[in-house]
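Secondary and tertiary structure notes
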2 protein chains.
Amino acid sequence: MPLNDTRFLRACRSQPVDSTPVWFMRQAGRYMAEYRAVRARHSILEICKAPELAAQVTIEAAERLGVDAAIIFADLLLPVEPMGMGLRFQQGEGPVLEGPIREMADVERLRTGAEVAAKLGYVSDAVRLVVRHFGERLPVIGFSGAPFTLASYMIEGGGSRNFVATKTLIYRAPEAWTKLMRKICDVLEPYLLAQVEAGAAAIQLFDSWVGCLGAGDYVDYVLPHSERLVHAVQQRGVPVIHFATDSATLLPAMHRAGAMVMGVDWRIRLDDAWARLEHRPAIQGNLDPVALFAPPAELRRRIHAVMRQAGGRAGHIFNLGHGILPNTPVENVIAAVEMVREYSTRGS
Amino acid sequence: MPLNDTRFLRACRSQPVDSTPVWFMRQAGRYMAEYRAVRARHSILEICKAPELAAQVTIEAAERLGVDAAIIFADLLLPVEPMGMGLRFQQGEGPVLEGPIREMADVERLRTGAEVAAKLGYVSDAVRLVVRHFGERLPVIGFSGAPFTLASYMIEGGGSRNFVATKTLIYRAPEAWTKLMRKICDVLEPYLLAQVEAGAAAIQLFDSWVGCLGAGDYVDYVLPHSERLVHAVQQRGVPVIHFATDSATLLPAMHRAGAMVMGVDWRIRLDDAWARLEHRPAIQGNLDPVALFAPPAELRRRIHAVMRQAGGRAGHIFNLGHGILPNTPVENVIAAVEMVREYSTRGS
C-alpha cells in the first residue's frame, strides 16, 4: 500500500479510514525497557546525535506498540547548540541552557540560517534510517519545538513555571523578541525541510509552553512565526500537526497558522475543541496521559469517551493529550492501541 | 458607610459601583519589603499561627497598596496538620507533607470534623484582628484551599507536575477518593464558617490545581464537594469567590457549585469567560501576574484591555489571574491600583 494511503496520512488529510490511527507522543521514552537499556549506556544528547541509536529507539518503540506512525526520537532543544548556546541535562532538574538571552545584544550574538541547521543533519540522517526500515509500511513523523517554546527555553535558561523572563522580554524589548523568533525560524525552517527531504511524511510542531500566554499575545507575538513554519512544510505537501498543552483558549488563534492537524490536550473535550475549530482541520488527541496508569476497565472507559467524542468523523488521530509519562506501564500502552482498534471496528 | 455598601461587596453581588474594586491574590507576600521583614524573623507557619503577625502582614499589605479588600494571610495547607499529616516547607522545594495518602487505610487514619477545625482557630483569630482594624472601612476576605487542591497535596505529598498519584487514586479507589474529599470538607466547612463568624465578609475558595482535570472528571469527582462548601458559606449571606487557574474549560462546571463570584486566570479573555458563564455570577480577574513586571505604558495597556473586556458591566472585581509573584516591583502593584481607578473614572 502506498504510504499516502496509510490510516495516519489519510486521517491527516481528513479522509475516511478503516480504523482510527493511533500513536503516542513520547512513545520512545523512559517508560520503555528497550529505551532504558540504551539510556543506560548513552546520554540523551548522545542518542540524538547518533543516527543509528536515534533510529533504533524510534523503531523499537513503534514496532513494540504496533502504532500507526513512528515519531523520530530527538530533543526539541537540539537547535540551541549550533545557534551558540551551551546545553546540558541535569539529573532531575531538566535542561540547562548557558548564557540565557535577555537583551538585543544576546539575540544578535546567536548564529542562524541554513548552515546552522546543517549541523543538525544527524536528525535527518536518523529520519532516513527509520524511513528505510519502515518503507511503505509506516509513516515517519519528523518534529521540532515551535518557536515560542524554543525562545522561552533560551530566555529562561531552562524550564520555567511563570515565564517571567520571557514575558518581560516581550514587554520591554518587543523588537528583540521579534528578532529572536525570526532567528529561530531561520534555523527551524531548513531543519524541518531537511527532515521532509529525508522522508518524514508529516511534521509535528510542539509548542509545549505557549499555553502560558493569553490569546491576544499569541496572535501578536507568536502566530506569524509559527505560521511561517507551517506554511513552509505544507507547501511541500507534508501535513503539519500543531500541538500545544494548555491551549484550550488558544486553539482558534493557533489554527490560523494553518496546520492540517491540530493536537489538543485533555483539558478540553475533543468534541468541544473540534467544534471550536469548526471541524476544519483534522484533530489529534486527547487521552489524559495519566489514564494509562488506570486499571483496564477504567482505561477502556476513558478511551471510549475520546472515541465517542470524535464521533467517527473523518480526520481523528488518536493520541494522548501530552507525552507518555515515566513509569507508565508499557502493557497499558499496548492495550490502549488495541482498545482504539477494537472501538473503531465494533464502533461501540 | 456600611461594609455592605463597599465597592467590593457590591461587586460581589453584581451591583453597580462608583469604581471597579481591586485587590490582588497573594497581596501580602515575598515581593513586599514589609512582609520580608517579618519573614526574616519567622517561618511561614509561625506567621500563620500567630494571629498578631498574620493580622499585621494582612493589614500592612492592604494599607500600603490602597486596595478595596484585605485577604487574610494564611496558607492553604494549614488544615492538613490537625488532620494528622506532618507539614514543612523546604527551602526552594515548596511544601512537604509527611505520610502521603495512597489508599483507604490512609484516609481512614485522618482526623476530621469540628474539633479538628477548632485547632485552626488562630486563623479566625487573625481575621477578627483584621476586621477590628478595618471596621467598616474595608471588607476582609477569608479563604481556604478547595477540597481537590488539598486532596492532591495530601496524596502527592507536596506539589506535583502531573498529578499521577492523585488521578491514580481516583481511578483505582474512587470510594477512598470520595471519603477523603468528605473528610476534607468536614474540616473545611467549620473552618470557613469560623472565619465568617470572625467577620470575614467574603470567602475565596482557591482550587489551585484542579485545572489538571478534564470537565467530566471535575463534575464526577470534585463538584459535589466544592458545592457543599460554597452552599454552607453563602447560606450565611457571605459571597464565595471560586477561583482556579487553568480553568478555561472547567468554568461552566465550576459555576454549578454556585459561587456568587467566579475568579478566572489570564489564559481566557475576561469577556469570553464571562460569556461562557452567561454573565450570571460576578467575575474576578484577570491580569497576567507577569504584566506587573512590564514598563508603565505596557502595564496600563494591559489593565485597560481587561477593563475594556469587563465593559463596565456590574459585577467585575479587578484582580490578577493568579497570585502576585516574588520579585514583582511593589510600585507597579500600587500603580496598577491607580490605573484601575483612573480607567473606572475616565471610562477610557
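Parameters at a glance
Residues numbered from 1 in each chain as written. Chains lettered and ligands numbered in written order. Predicted model: local features only at pLDDT ≥ 70, side-chain atom pairs only at ≥ 80, totals over all residues. Helix = DSSP H or I, 4+ residues; strand = E, 2+ residues; numbered from the N terminus. Rg over C-alpha atoms; globule rule 2.2 N^0.38 Å. Buried ≥ 20, exposed ≤ 12 C-beta atoms within 10 Å, placed from the backbone. Contact = placed C-beta atoms within 7 Å. Axes fitted to C-alpha atoms, helices over the stretch in contact; angles between N-to-C directions. Parallel < 35°, antiparallel > 145°, perpendicular 65-115°, else oblique. Left-handed = near helix turned anticlockwise from the far one by under 90°. Nonpolar A, V, L, I, M, F, W, Y, C, P; charged D, E, K, R; others polar. Core = buried A, V, L, I, M, F, W, Y, C linked by C-beta atoms within 7 Å. Pairing = 2+ DSSP bridges. Right-handed = clockwise from strand over helix to strand, strands pointing away. Least-squares fit on C-alpha atoms with pLDDT ≥ 70 in both. pLDDT = per-residue confidence, 0-100. Expected span 1.5 Å × (residues − 1).

Tallying secondary structure elements over chain A gives 17 helices and 9 strands in all. A compact globule built from 348 residues would reach a C-alpha radius of gyration of about 20 Å, and chain A, at 19 Å, matches this within 12%. Structurally, chain A occupies a C-alpha span of about 60 × 45 × 40 Å along its principal axes. Each of the 348 residues in chain A was classed as buried or not, and the buried ones make up 54%. Restricting the contact set of chain A to residue pairs at least 6 apart, pairs at least 24 apart contribute 73%.

Quick look at the packing of helix H4 (residues 51–65) of chain B against helix H8 (residues 121–134) of chain B now. Residue and element names in this part refer to chain B. Orientation of H4 relative to H8, taken along the N-to-C sense of each, is 45°, at an axis distance of 8 Å. By the angle class used here, H4 and H8 are oblique. Note on packing geometry: the crossing formed by H4 with H8 is right-handed. From H4, Pro-51, Glu-52, Ala-54, Ala-55, Thr-58 and Ile-59 reach across to H8, where they touch Tyr-122, Asp-125, Ala-126, Leu-129, Val-130 and His-133. When grouped by side-chain class, the residues that make up the contact of H4 with H8 number 8 nonpolar, 2 polar and 2 charged.

The interface is formed by 24 residues belonging to chain A together with 24 residues belonging to chain B. Of the residues forming the side of chain A that touches chain B, the biggest block, 5 residues, is contributed by helix H10 (residues 164–172) of chain A. Split into classes, the residues belonging to the side of chain A that touches chain B amount to 12 nonpolar, 5 polar and 7 charged.

Once that is clear, we can look at the nonpolar core. Among soluble globular proteins, nonpolar side chains are generally buried collectively. In this structure, Ile-72, Val-130 and Ile-203 of chain A together with Ile-72, Val-130 and Ile-203 of chain B are the most contacted members of the largest nonpolar core, which totals 266 residues. If sequence neighbours within four positions are ignored, Ile-203 of chain A has contacts with Ile-141, Gly-142, Phe-143, Leu-192, Gln-195, Val-196, Val-233, Val-238 and Val-240 of chain A.

What follows covers the pairing of strand E8 (residues 282–287) of chain B. On a regular strand, one side chain projects to one face of the sheet and the next to the other, so that they alternate. Residue and element names in this part refer to chain B. Most of E8 sits inside the fold, with 6 of its 6 residues counted as buried. Examined bridge by bridge, strand E7 (residues 261–263) and E8 share 3 bridges and lie parallel to one another. Residue Met-262 lies in a different strand from E8, and its bridge partner there is Ile-283. As a crossover connection, the stretch from E7 through helix H15 (residues 270–276) into E8 is right-handed. With 5 bridges joining them, E8 and strand E9 (residues 316–320) adopt parallel strand pairing. Across the sheet, residue Leu-287 finds its bridge partner in E9, namely Leu-320. Remark: the E8/helix H16 (residues 296–310)/E9 crossover connection has right-handed handedness.

So, on to the relation of the copies chain A and chain B. Relative to chain B, chain A is turned by 180° and slid 0.0 Å along the rotation axis, the superposed coordinates differing by an RMSD of 0.0 Å. Taken together, the rotation and translation describe the operation of a two-fold axis.

Residue and element names in this part refer to chain A. Spatially, the 7 strands line up as an open sheet ordered E1-E4-E5-E6-E7-E8-E9, and their pairing is parallel. Edge strands, defined here as strands with exactly one partner in the open sheet, are strand E1 (70–71) and strand E9 (316–320). Bridge count for strand E5 (residues 202–207) against strand E6 (residues 240–244) is 5 bridges, and the pairing is parallel. Bridged to Gln-204 within E6 is Ile-241. The sheet contacts of helix H16 (residues 296–310) involve strand E8 (282–287) and E9, and relative to E8 the element is tilted by about 160°.

Below, the discussion takes up the packing of H16 of chain A against helix H17 (residues 330–346) of chain A. Helix packing for two helices is described by the angle between their axes and how far apart those axes are. All names here are of chain A. Here H16 crosses H17 at 45°, and the two axes come no closer than 10 Å. In terms of axis orientation, H16 runs oblique to H17. When you trace H16 past H17, the crossing you get is right-handed. Residues Pro-296, Leu-299, Arg-300, Ile-303, His-304 and Met-307 of H16 lie in contact with H17, whose contacting residues are Asn-332, Ala-335, Ala-336, Met-339, Val-340 and Tyr-343. Across the contact of H16 with H17, the residue classes break down as 9 nonpolar, 2 polar and 1 charged.

A separate point is the confidence of the model for chain A. Where the model shows low pLDDT, its predicted coordinates should not be examined in detail. Residue-level pLDDT values for chain A average 96, and 99% of them are 70 or greater. ipTM for the predicted complex: 0.94, alongside a pTM of 0.96.

Further remarks concern the pairing of strand E3 (residues 94–97) of chain A. Residues and elements named next belong to chain A. In the sheet, strand E2 (residues 87–90) pairs with E3 via 4 bridges, with the strands oriented antiparallel. By the bridge assignment for E3, Gln-90 is matched with Gly-94. Joining the antiparallel neighbours E2 and E3 is a turn of 3 residues, in which Gly-92 adopts a positive phi near 75°.

Okay, the sheet that holds strand E6 (residues 240–244) of chain B next. Residue and element names in this part refer to chain B. Ordered by their spatial adjacency, 7 strands build an open sheet running E1-E4-E5-E6-E7-E8-E9, and the pairing between neighbours is parallel. One side of each edge strand has no neighbouring strand; the edge strands of this open sheet are strand E1 (70–71) and E9. Against the sheet, H16 makes contact with E8 and E9, and its axis sits at roughly 160° relative to E8, the strand it touches most.

A separate point is helix H11 (residues 174–197) of chain A. Spanning 24 residues, H11 of chain A covers 34 Å between terminal C-alpha atoms, matching the ideal 34 Å at 1.5 Å per step. One or two positions beyond H11 of chain A, positive phi appears at Gly-199 of chain A, with a value near 115°.

What follows concerns unusual backbone geometry. Going from Gly-285 of chain A to Asn-286 of chain A, the amide bond is cis rather than trans, its omega being -10°. For Asn-286 of chain A, the position within the fold is in strand E8. Its identity as a non-glycine residue notwithstanding, Ser-14 of chain B has a phi of 60°, on the positive side. Considering the arrangement of structural elements, one finds Ser-14 of chain B in the loop between helix H1 (7–12) and helix H2 (33–39). Phi at Arg-26 of chain B is positive, roughly 55°, even though this residue is not glycine. Along the chain, Arg-26 of chain B turns up in the loop between H1 and H2. Look at Arg-26 of chain B and you get buried, because 20 C-beta atoms sit within 10 Å.

Structurally, the α-helix is built with 3.6 residues per turn, so residues lying three or four positions apart point the same way. All names here are of chain A. An ideal rise of 1.5 Å per residue puts 20 Å on 14 residues; helix H8 (residues 121–134) measures up with 20 Å between its terminal C-alpha atoms. For H8, the complete set of buried residues consists of Val-123, Ser-124, Ala-126, Val-127, Leu-129, Val-130, Val-131 and Phe-134. Buried residues along H8 sit in contact with helix H4 (51–65), E1, strand E4 (140–145) and H11. Positive phi appears at Gly-135, one or two residues downstream of H8, with a value of about 55°.

Turning our eyes to something else, we now look at the environment of Gln-309 of chain A. All names here are of chain A. Structurally, Gln-309 is set in helix H16. Along the chain, Gln-309 and Arg-269 lie 40 residues apart, while their C-alpha atoms are 7.5 Å from each other. If near-sequence neighbours (up to four positions away) are discounted, Gln-309 is found in contact with Arg-269, Leu-270 and Asp-271.

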